[in-house]
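# Architecture at a glance
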Amino acid sequence: MTAPAQPKKIVAPTVSQINAEFVTQLACKYWAPHIKKKSPFDIKVIEDIYEKEIVKSRFAIRKIMLLEFSQYLENYLWMNYSPEVSSKAYLMSICCMVNEKFRENVPAWEEVDLIRSQVQQLISLPMWMGLQPARLELELKKTPKLRKFWNLIKKNDEKMDPEAREQAYQERRFLSQLIQKFISVLKSVPLSDPVTMDKVHYCERFIELMIDLELLDMLKFYTGFEINDQTGNALTENEMTTIHYDRITSLQRAAFAHFPELYDFALSNVAEVDTRESLVKFFGPLSSNTLHQVASYLCLLPTLPKAEDTTFDKGFLLELLVSRHERRISQIQQLNQMPLYPTEKIIWDENIVPTEYYSGEGCLALPKLNLQFLTLHDYLLRNFNLFRLESTYEIRQDIEDSVSRMKPWLSEYGGVVFGGWARMAQPIVAFTVVEVAKPNIGENWPTRVRADVTINLNVRDHIKDEWEGLRKHDVCFLITVRPTKPYGTKFDRRRPFIEQVGLVYVRGCEIQGMLDDKGRVIEDGPEPRPSLRGESRTFRVFLDPNQYQQDMTNTIQNGAEDVYETFNVIMRRKPKENNFKAVLETIRNLMNTDCVVPDWLHDIILGYGDPSSAHYSKMPNQIATLDFNDTFLSIEHLKTSFPGHNVKVTVDDPALQIPPFRITFPVRSGKGKKRKDVDGEDEDTEEAKTLIVEPHVIPNRGPYPYNQPKRNTIQFTHTQIEAIRAGMQPGLTMVVGPPGTGKTDVAVQIISNIYHNFPEQRTLIVTHSNQALNQLFEKIMALDIDERHLLRLGHGEEELETEKDFSRYGRVNYVLARRIELLEEVKRLQKSLGVPGDASYTCETAGYFFLYQVMSRWEEYISKVKNKSNTMPDITEVSTFFPFHEYFANAPQPIFKGRSYEEDMEIAEGCFRHIKKIFTQLEEFRASELLRSGLDRSKYLLVKEAKIIAMTCTHAALKRHDLVKLGFKYDNILMEEAAQILEIETFIPLLLQNPQDGFSRLKRWIMIGDHHQLPPVIKNMAFQKYSNMEQSLFTRFVRVGVPTVDLDAQGRARASLCNLYNWRYKNLGNLPHVQLLPEFSTANAGLLYDFQLINVEDFQGVGESEPNPYFYQNLGEAEYVVALFMYMCLLGYPADKISILTTYNGQKHLIRDIINRRCGSNPLIGRPNKVTTVDRFQGQQNDYILLSLVRTRAVGHLRDVRRLVVAMSRARLGLYIFARVSLFQNCFELTPAFSQLTARPLHLHIIPTEPFPTSRKTLLQLPPAMVEESEEVQSQETELETEEEAMPAQADTVPDETTDASSSQETSASETETTPNQTGASSSPEATPADSEITGTGPVTVPAENNTTHDVTSIPRETK
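The rules behind these values
- Residues numbered from 1 in each chain as written.
- Predicted model: local features only at pLDDT ≥ 70, side-chain atom pairs only at ≥ 80, totals over all residues.
- Heavy atoms only, no water.
- Core = buried A, V, L, I, M, F, W, Y, C linked by side-chain atoms within 4.5 Å.
- Buried < 20%, exposed > 50% of the residue type's maximum accessible area, 1.4 Å probe, protein only.
- Helix = DSSP H or I, 4+ residues; strand = E, 2+ residues; numbered from the N terminus.
- Contact = heavy atoms within 4.5 Å.
- Expected span 1.5 Å × (residues − 1).
- Salt bridge = Lys/Arg side-chain N within 4 Å of Asp/Glu carboxyl O.
- Pairing = 2+ DSSP bridges.
- Axes fitted to C-alpha atoms, helices over the stretch in contact; angles between N-to-C directions.
- Left-handed = near helix turned anticlockwise from the far one by under 90°.

If you look at the biggest cluster of nonpolar residues, it comprises 99 residues, and the most contacted ones within it are Ile 399, Ile 605, Leu 732, Phe 987, Trp 1005 and Phe 1037. Residue contributions to this core peak at 13 residues, all from helix α22 (residues 376-406). Excluding residues that lie within four positions of it along the chain, Ile 605 makes contacts with Phe 373, Leu 376, Tyr 379, Val 597, Phe 987, Leu 990, Trp 1005, Arg 1036 and Phe 1037.

In structure tokens, the structure reads:
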């Protein structure tokens, strides 16, 4: 088994090659954006380019790339297009440019509605005109409703003038003529002789256009898909069987009545004749003419005229009849028998799992995810197949990495010897299958297969801990290698992997647990794990029963070797990337069950119907009055939050108009009127815009300070309030949250408001990452939510920066500890009341004590002090008769103020509420006394006690089966980072519970995300680009047209930095504090500008380098970035306030190496907060960002505007970008940001004598002319030319002396060391000051404060 050759990579032309091209010269004359005086539009230019550059080069990708990158489409073709100048060359040129944009994964245009309306004319009901009359009549007969529409179409056609009718007929026949053209091309392809690839490509593209699928097996499956062709309703298995029987019996009736040679077929029972073999046996002997007559009788072909022979091939006619009538293979049955772990046959099959490089050309045999799906079964099936293939690709990468690190070689004695080691893989010492359980009834595979794997962990302690930390359900891979290369052979990553290492088998397994000394599985739980002696560890694993059955069958029937006796390597994977098996199992389970999605969501998920139908304004169960609790800070805040509405407050006294507020909204009955009133005015009357606001007082909760409710302190904007309002109402709420707009604060307020408005409902919080979940949880705890109702599932709770543990076992411990605390309080209360006995022994005895002792005293007290008719209440009685004075002696005194009867009675009732809450909680905790194990207690908390349950989407997919089995229930889902979650991982959390009476109890679905930032990570380019797997459900909903609430005020970054990305959003502005707070109005010390684009030319003749495929590095930029970081630290900037970002992993490793060498161990400088990629830093922020864009040949993946938005929006106060300006400024997609960046000088402007922090104000208000002038007069400023790839980092430079940038205290370990290059970049010897003037310019001397001269070209050797 050898891996196929890698596809050829398309190399992007360099900037110099672009400039030398004829196309570039034309662009500079006619359409280049930077040219001020352009020549007028000339149609001949388009004709010439098409003929000489595109057609002559046979549509060469390189030529089309050049044209597209020069903005030919935007600035010449599209803007000058009109029907008058249209021609074949013009239209084909536009098609080529749009296809190139699609290949580059760049959006081509925004006029989606225009395109949809044009395409709809080609594919709606009138296209049935292409059907033969008999078939048309048959289809119309099936659906009477369609006949009415058809008659209407015919009437309208009669009213058209002949020319318009001919045009309409042409459009309607477009598809049928296209199909006929395809069939004629297909027939012209010879079966054996060589074929031109143009015909193959045409056929591929036609199939892709028609069905969006390239798999012929899938095409066959979809032609018989379980859906009603007219209504679009999903069909059940029984309905599909009925349709199949109807077809066969109608064929038998036709055969009996008209074809005597088919009597045997007509009289057989259906089960005998509906297989492919039996149909071929009956119909194969018939002549072509007879077959044609049978097909025409069934309205599949036109009637064959008498005395004429059919023009169709006999094979085609036979296939037509057989494929239509054969028994359908159940897709579900095939899925259930499919092993979920990939084997070596699938992992390295390029036809199934394409290589990582996909150019965007050609078709692939992959399913696609787009806007619409046929049914939920279709939706799940596509996601299942794609998720499986993407996981397989990642597994391939992990196996190749781990096994090649272990260096398996052939030993002298013919065995295997490992010359290296891998963190994620270990040699197997022993492997034994210990259990093969009997199959279930009706199945032929075992119910479970278990085995023991023994390894020797003679490794470092932290790696040993990782292996011992393998949890239940973690997936590992068992690998057999039989190397043929002798000891010491070098491994070459560029050559095929399998033949080098001799890989033979790969099988997956799932960890059950590690075995203890007595051979028992160590269970996960709150108890500490036992410590084991020695280094030998045995793990019990579950094998895949389907795969085991297939392997054993192959061994017994074909005499193949037993795979399970050959394994010699076990490989584990990172837990965060290893959830594929659980997700696949979950999808498969969903396909086997009747997955019930709420009715109000069903059509939206499939992409049909009214996209706004699930908006709260159209929901039939809209709630009129909502308690906004602490959302508003004042009545003024409330009024500004509802612009365009009249606010009526139920009380007139301004002193009483204080939060919390209940608001009654005007709710339209039904779905609202569609017609306007008689006067022509819309239905939005004065009444429809009036809000009734009722201030209310939260009942007193007790006399202790901790009884006071926590309150929100954020002044939400009106769009945030709209998002909160929508989230509280039933239905689907989509919130688009640009960077820094308070998405998390909105989410937390929605959760809090639902918790207080609907205390009986349970809310599920789902996020993409543990980090986002922890941020949410930390903010939830700051609000008025009882912590006993909070629960955090998954393993991320360890990172929660609080003293409290919200995990399942943490909550169990909390309940047990809280129970003891509360029983102590009961004991104190009992003592204060002088009641004998032991009421605080258990929760049960405490309950009796409350009922018989506490309640009786309270009722007696109420009867004494309650207002009696016609008598004035006595204030002193409230305090005198109060029975719990002694108990509340430790509360702030006096408890009763004596100012008014009402106030004192409210205080008394508050004290009783405090006591009652103790016993209410104890009643809830009774279950922990009855349930003895931690596991049972945790399950009870999950199912009964918790009201707010949080987990990651990964955990939801992993644990769906367990949650459903437990009877987990919830009413609301809130998803944070929804645009970063895979489509299927967003869908699964909707179905973590069993339906009630066939309906889902889900009432609200709130999704908060930002589709303008980066999508879910898909490592394989083919799945990402071709299959559109990176599209999240959030993004799809936005594309379909589901209404969104767009947050429009950011409070993270300076207004100037926000301008770099706010063009991507609707009306994104700034919160007031961005202009008012000192940190935003003060300049960045030592730097003239708050953001700058710094041009970096080649360093020692080299720009970008690629030591390994796709591992891009740029040494010049890396050195420059680190030098600026060191300079900032020496001025006094805290190192943890600076993060260094880059767009490629290779550059990230290079920068880390340089930091380790330059300043990592220097206490004066230290390390930046993070050195990572832009993609990894999404969702995070820092005050100062240094960004390296790396590329100098082609723009690369920064051309994805979403990546640009993330890169530009991470900084709060300062952003400094290092890049090849001539490359990036020409890219059309990046223009809005780069036009602002290039408006400032492209050399870094520094003020080395200005320490951090500074009082200097930003230059924001200065016009460009004044900025330039200020550069000349500012005496402390130094301009650092970017041609010298580094910077003197010492502010107080001594005259005529070159100092080391790392620090004056610490010198370099070796002056002659080469540039760090652990990651494979071509290292270069140190340059001496004499030859460091790369550009050939002389030293730049600038005035400094002490009139000394800075020679900034003499860069310190270590910085160089």
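A few words now on helix α30 (residues 743-757). Over its 15 residues, α30 extends 21 Å from the first C-alpha to the last, a length consistent with the 21 Å expected when each residue adds 1.5 Å. Burial runs high along α30: 14 of the 15 residues are buried.

Before going further, it helps to spend a moment on the pattern of salt bridges. Enumeration over the complete set of coordinates arrives at 67 salt bridges. Ionic pairing is found between Glu 74 and Lys 101, a salt bridge with its closest N-O pair at 2.6 Å. In this pair, Glu 74 sits in helix α5 (residues 72-77) while Lys 101 sits in helix α6 (residues 88-103), placing the two residues 27 residues apart along the sequence. By relative accessible area, which is 17% here, Glu 74 ends up buried. Using a relative accessible area of 1% as the deciding quantity, one classes Lys 101 as buried. Beyond isolated ion pairs, a larger network of salt bridges with shared partners links Glu 68, Glu 74, Lys 101, Arg 1199 and Glu 1229.

On to the pairing of strand β6 (residues 503-514), then. Residues in a regular strand point their side chains to alternate faces of the sheet. Counting buried residues along β6, 11 of its 12 residues qualify, which places the element largely inside the surrounding structure. As paired elements, strand β5 (residues 475-481) and β6 share 7 bridges and run antiparallel to each other. What sits directly across from Leu 478, in β6, is Arg 507. Where β6 lies against strand β7 (residues 536-543), 5 bridges are found, and the strand directions are antiparallel. When the sheet's bridge partners are listed, Cys 509 is paired in β7 with Leu 543.

Moving on: the environment of Leu 1033. Tracing the backbone shows Leu 1033 in helix α40 (residues 1033-1040). Measuring from C-alpha to C-alpha, the distance between Leu 1033 and His 1011 comes to 10.0 Å, with 22 residues separating the pair along the chain. Ignoring sequence-local partners within four residues, the contact set of Leu 1033 consists of Tyr 379, Ile 981, Glu 983, Thr 986 and Trp 1005.

The contact between helix α18 (residues 288-297) and helix α19 (residues 314-325) brings their axes to 9 Å, and the two run at 35 degrees. Where α18 crosses over α19, the two elements pack in a sense that is left-handed. Note on element contacts: α19 touches α18 through Lys 314, Leu 317, Leu 318, Leu 320 and Leu 321, opposite Ser 288, Leu 291, His 292, Val 294 and Ala 295.

Our focus in this paragraph is unusual backbone geometry. The omega torsion across Gln 893 and Pro 894 is -10 degrees, close enough to zero to call that bond cis. Here Pro 894 shows up in the loop between α34 (875-880) and α35 (901-930). Following Phe 1252, the chain continues into Pro 1253 via a peptide bond in cis, with omega recorded as -5 degrees. Structurally, the position occupied by Pro 1253 is in the loop between β29 (1244-1246) and α49 (1264-1273). Its identity as a non-glycine residue notwithstanding, Ala 307 has a phi of 65 degrees, on the positive side. Here Ala 307 is to be found in the loop between α18 and α19. Its relative accessible area of 91% is what places Ala 307 among the exposed residues. Despite not being glycine, Gln 1100 shows a phi value in the positive range, around 55 degrees. Note on placement: Gln 1100 falls in the loop between β22 (1091-1095) and β23 (1105-1108). Classification of Gln 1100 by relative accessible area gives partly exposed; the value is 33%.

Any functional reading would require information that these geometric values do not contain.
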